[in-house]
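Residues per chain are reported as follows:
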Amino acid sequence: MNVLYYIDSLGRGGAEMLALDVCRNAARFGIEMTFVTARGGQLETAFIDSGVPFFRLGRRLPVDLYLASQIRRLIREREIDIVHGYQAVDGIHMYLASRGVKNVKNVLSFHGFVPDRKNRAALKFLIPRMDTNLVVSHSLRRWLSDLKGLDTESNFSTLYNGVDLGRLKPSGRSVREELGIDQNALVFGMIANFYSDPRKDQLTICKALPQVFEKLPHAHFLFVGGIENGAEDKVADCISFCLQSKISERVHFLGSRLDIPDVLDAMNIFVLSSLQEGLPIAVNEAMLVGLPVIVSDIEPLLEATQNGVYGMVFPVGDHWKLAELMIDLGMSSDEQSVLGLRAKEFAKQKFSIDAHLHELRKIYISLL
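Here is a short report on the structure shown in this document. Because the structure is predicted, anything quoted here is derived from the model rather than measured. (Residues numbered from 1 in each chain as written. Predicted model: local features only at pLDDT ≥ 70, side-chain atom pairs only at ≥ 80, totals over all residues. Heavy atoms only, no water.)

### Details of the overall build of the protein chain
Broken down by element type, the protein chain carries 15 helices and 13 strands. Judged by the C-alpha coordinates and their principal axes, the protein chain covers about 65 × 40 × 35 Å. Out of the 368 residues in the protein chain, the part that is buried amounts to 56%. Total accessible area on the protein chain is roughly 15,700 Å²; 48% of this is exposed by carbon and sulfur atoms. (Helix = DSSP H or I, 4+ residues; strand = E, 2+ residues; numbered from the N terminus. Buried < 20%, exposed > 50% of the residue type's maximum accessible area, 1.4 Å probe, protein only. Areas by Shrake-Rupley, 256 points an atom, 1.4 Å probe, with all protein chains shown as cover.)

### Some points on the sheet that holds strand β2 (residues 32-37)
The seven strands are arranged β3-β2-β1-β4-β5-β6-β7 in an open sheet whose pairing can be described as parallel. Of all the strands in the sheet, the pair left with one neighbour each is β3 (54-56) and β7 (156-158). Averaged over all neighbouring strand pairs, the angle between strand axes comes to 25°, with direction disregarded. Here four bridges tie strand β1 (residues 2-7) to strand β4 (residues 82-85), and the two strands are oriented parallel to one another. Bridging across to β4, Leu4 finds its partner in Val83. (Pairing = 2+ DSSP bridges. Axes fitted to C-alpha atoms, helices over the stretch in contact; angles between N-to-C directions.)

### Digging into the pairing of strand β5 (residues 105-110)
A large share of β5 lies buried, amounting to five of its six residues. As for the winding sense of the linkage, the β-α-β connection from β4 through helix α4 (residues 88-98) to β5 is right-handed. Two elements, β5 and strand β6 (residues 132-135), share four bridges in a ladder whose sense is parallel. Within β6, the residue paired with Val107 across the bridge is Thr132. (Right-handed = clockwise from strand over helix to strand, strands pointing away.)

### Some remarks on the side chain of His356
Along the chain, His356 turns up in helix α15 (residues 353-367). Residues contacting His356, with those up to four places away along its chain left out, are Leu18, Val22, Leu159, Tyr160, Asn161 and Gly162. (Contact = heavy atoms within 4.5 Å.)

### Observations regarding the nonpolar core
In terms of nonpolar packing, the biggest core is built from 132 residues, with Tyr5, Phe35, Phe188, Phe221, Phe270 and Ile294 touching the most fellow members. For this core, the element with the highest residue contribution is helix α1 (residues 14-25), accounting for seven residues. (Core = buried A, V, L, I, M, F, W, Y, C linked by side-chain atoms within 4.5 Å.)

### What about the pattern of salt bridges?
Side chains that differ in sign of charge can pair as their charged atoms come close. Considering all chains together, one arrives at 19 salt bridges under this definition. Across the salt bridge formed by Glu285 and Arg167, the nearest N and O atoms sit 3.0 Å from each other. Residue Glu285 is found in helix α11 (residues 281-288), and its partner Arg167 is found in the loop between β7 and α7 (175-179); the two are separated by 118 residues along the sequence. Between Lys321 and Glu324 there is a salt bridge, and its shortest N-O distance comes to 3.1 Å. Of this pair, Lys321 and Glu324 both sit in helix α13 (residues 319-330), three residues apart, roughly one helical turn. For Glu324, a relative accessible area of 39% corresponds to the partly exposed category. Taken together, the salt bridges that share partners define one network made up of Arg173, Glu178, Arg257 and Asp259. (Salt bridge = Lys/Arg side-chain N within 4 Å of Asp/Glu carboxyl O.)

### Quick notes on the sheet that holds strand β9 (residues 219-224)
Pairing within the open sheet is parallel, and its six strands lie in the order β10-β9-β8-β11-β12-β13. This sheet does not close on itself; its edge strands, each paired only once, are β10 (251-255) and β13 (312-314). Along the sheet, successive strands turn relative to each other by an average axial angle of 20°, direction set aside. Summarising the sheet, strand β8 (residues 186-191) and β9 pair through six bridges and their orientation is parallel. Within β9, the residue paired with Gly189 across the bridge is Leu222. Along the sheet, helix α8 (residues 202-215) contacts β8, β9, β10, β11 (269-272) and β13; its crossing angle with β9, the most-contacted strand, is approximately 170°.

### Things to note about the packing of α13 against helix α14 (residues 333-350)
Helices that pack against each other are described as a pair by the angle of their axes relative to one another and the distance between those axes. In contact at an axis separation of 7 Å, α13 and α14 are set at 100° when each is read in the N-to-C sense. Comparing the axis directions of α13 and α14 gives the class roughly perpendicular. Contacts from Asp328, Leu329 and Gly330 of α13 reach α14 at Glu335, Gln336 and Leu339. Its residues assigned to classes, the contact of α13 with α14 shows two nonpolar, two polar and two charged. (Parallel < 35°, antiparallel > 145°, perpendicular 65-115°, else oblique. Nonpolar A, V, L, I, M, F, W, Y, C, P; charged D, E, K, R; others polar.)

### A few points about the environment of Ser174
In this structure, Ser174 sits in the loop between β7 and α7. It is 7.2 Å that separates the C-alpha atoms of Ser174 and Ala266, two residues lying 92 residues apart in sequence. Engagement of the side chain of Ser174 in a polar contact is seen with the backbone nitrogen of Arg176, the distance being 3.4 Å. A distance of 2.9 Å separates the side chain of Ser174 from the backbone nitrogen of Glu177, its partner in a polar contact. (Polar contact = N/O pair within 3.5 Å; in protein donor to acceptor, adjacent residues only side chain to side chain.)

### A short note on unusual backbone geometry
Where the residue is not glycine, phi is negative for most of them; where a peptide bond is considered, it is trans in most cases. Phi at Asn103 is positive, roughly 70°, even though this residue is not glycine. Residue placement: Asn103 occurs in the loop between α4 and β5. Residues other than glycine seldom take positive phi values, yet Gln306 does so here, at roughly 55°. You can see Gln306 is positioned in the loop between α12 (299-304) and β13. A relative accessible area of 34% means that Gln306 is categorised as partly exposed.

Below, the structure written as structure tokens:
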């Protein structure tokens, strides 16, 4: 089967990393991929290097009919069976491109936050016109229905994210050495962008750290992730709190990084404090490399950890409870090992790229 993926821009987000892993592995499952982007971005070179035919077409307008015509040309030339997008702008253009082209099916994936009214209006238009819609967790499906008023009853399926474990192999370069952190130190970390919208909650972690560092005097924390326009104040609040609390020398704001395997290799414990999620790739990656995880108790993270069986859970926004869990886990290397191994085995079954592609192929076949 021939599948065209369209993603408008290629920043290092969860949907983009999933699409990249699919491109690198789809041929093993009998799926021939074509990849199209309009704006490119940080991951463009990685997509080109994946070996999948890659096309950067450009987009001049929010709804660009010329772009849709170019995608239509590719659909016909490459005999595409299925077009698959990851956000509203993707869905609009692939829907326009495939209209009137016989037997081409449309698939739209939902990964989490719906940013504004314009996107919700576009999705209300698109959902009934897709051949199937995919959500990355059962809880995201409920959230889209209950809070965003989207109809998720009829043509929706749940498909967990998948991560290529081979992509997470560290290079051997030491992030600890780069940062001047002792090899025997205890390192916590969170990988998540700073968003202007209420998605991530790095400040709650900062508020927990004074207690953590008091009990664990050799501990450090790594914040890894880019800064979205409009989120500068959130970063400033975190840095200001750390300065005022006199812990800034042990809290490292690393910005966006491409060496995520090396960053994960530098960590002992992964923490994800979120307000809203779909089912984040970052926590899947951490579990797959065997890191014990501590997450906030929003529904998608409860789903990812099976209600705390495969990770520790704290009430969202509760920095006191978070600090308690970080201290307890940080003091027990045995518990870290046991929880990390248990999470890894579970993640291999549920969140590996092979598990994802096995289920995705079945969905594609059902459409054809």
